[in-house]
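One letter stands for each residue in the lines below.
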Amino acid sequence: GGCWEEEKIFRLVRIKNRFNEKSRHHDERVGYRDLSINLEVGWINVGGELDFLPVKEWEEKSAERHIIEVQLHLRSIKEAVGHEGHRNYEQWRNILIE
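This report concerns the structure included in the present document. All figures in this text were calculated on a predicted structure; none of them were measured in a lab.

1. Examining the overall build of the chain
Inference 1: A count of helices and strands for the chain gives two helices and four strands.
Inference 2: In sequence order, the chain lays out its α and β elements as α-β-β-β-β-α.
Inference 3: In the chain, which comprises 98 residues, the proportion classed as buried is 24%.
Inference 4: In the form shown here, the chain has an accessible surface area of approximately 7,400 Å², with 50% of it arising from carbon and sulfur atoms.

Below you can see the structure in the form of C-alpha cells.
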C-alpha cells in the first residue's frame, strides 16, 4: 500500500539489462552495456498542457498513452560513444544481428 501504490504514474513494461551476462539482451559480439527501462505513461491535455495521470485514472479519463525508454549508462561508455558513436553502434549492431 502506501502513497506509492495510490499515485503510481507509470506502468513498467520491460527491462533490458545489458550489464548482466546472463540476460537474453546481453550480446557479447556487440560489447555495448546499458540498462534500458520501458515505462508506459498516461496523460490528458488540459488547456494545451499535459497533465500526467495516475495509472488508476487512465481508463476513466481516456488518457493518451505512450511508452518511454529510460537508459542508464556508465559515464565512461557514454563519453567514449558520444552522439555520432551511437549512430555508428546502431549500424554495426544491425549488421551483426542480420
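2. Side note on the pattern of salt bridges
Inference 1: Enumeration over the complete set of coordinates arrives at five salt bridges.
Inference 2: Between R18 and D34 there is a salt bridge, with its nearest N and O atoms 2.5 Å apart. Within this pair, whereas R18 is found in the loop between β1 (10–17) and β2 (35–46), its partner D34 is found in the loop between β1 and β2, the two being separated by 16 residues in sequence.
Inference 3: The class for R18 is buried, based on a relative accessible area of 16%.

3. Brief notes about unusual backbone geometry
Inference 1: One non-glycine residue with positive phi stands out, namely S62, at about 50 degrees.
Inference 2: With respect to the helices, strands and loops of the structure, S62 is situated in the loop between β3 (49–52) and β4 (64–72).

4. Considering the environment of S62
Inference 1: Judged by relative accessible area, which is 61%, S62 ranks as exposed.
Inference 2: Distance from S62 to G42, taken between C-alpha atoms, is 9.0 Å for residues 20 residues apart in sequence.

5. A closer look at a nonpolar patch on the surface
Inference 1: A surface patch of nonpolar side chains, about 210 Å² in accessible area, is lined by I68, V70 and L72.
Inference 2: Relative to the assigned elements, V70 resides in strand β4.
Inference 3: Residue V70 is classed as partly exposed on the basis of its relative accessible area of 33%.

6. Topic: the pairing of β3
Inference 1: In the sheet, β2 pairs with β3 via four bridges, with the strands oriented antiparallel. Bridge pairing in β3 places N45 opposite L50.
Inference 2: Taken together, β2 and the strand that follows it, β3, pair antiparallel across an intervening segment of two residues, in which G47 is found at a positive phi of about 60 degrees.

7. Focus: the side chain of N38
Inference 1: You can see N38 is positioned in strand β2.
Inference 2: With a relative accessible area of 8%, N38 lands in the buried category.
Inference 3: Excluding residues that lie within four positions of it along the chain, N38 makes contacts with R11, L12, V13, R14, I67, I68 and E69.

8. Digging into the environment of N17
Inference 1: Within the secondary structure layout, N17 lies in strand β1.
Inference 2: A distance of 2.9 Å separates a polar atom in the side chain of N17 from the backbone nitrogen of F19.

About the cut-offs
Residues numbered from 1 in each chain as written. Predicted model: local features only at pLDDT ≥ 70, side-chain atom pairs only at ≥ 80, totals over all residues. Heavy atoms only, no water. Helix = DSSP H or I, 4+ residues; strand = E, 2+ residues; numbered from the N terminus. Buried < 20%, exposed > 50% of the residue type's maximum accessible area, 1.4 Å probe, protein only. Areas by Shrake-Rupley, 256 points an atom, 1.4 Å probe, with all protein chains shown as cover. Salt bridge = Lys/Arg side-chain N within 4 Å of Asp/Glu carboxyl O. Patch = residues over 30% accessible without salt bridge, like charges linked within 9 Å, V, L, I, M, F, W, Y side chains within 5 Å. Pairing = 2+ DSSP bridges. Contact = heavy atoms within 4.5 Å. Polar contact = N/O pair within 3.5 Å; in protein donor to acceptor, adjacent residues only side chain to side chain.

Nothing here speaks to function; it is all geometry.
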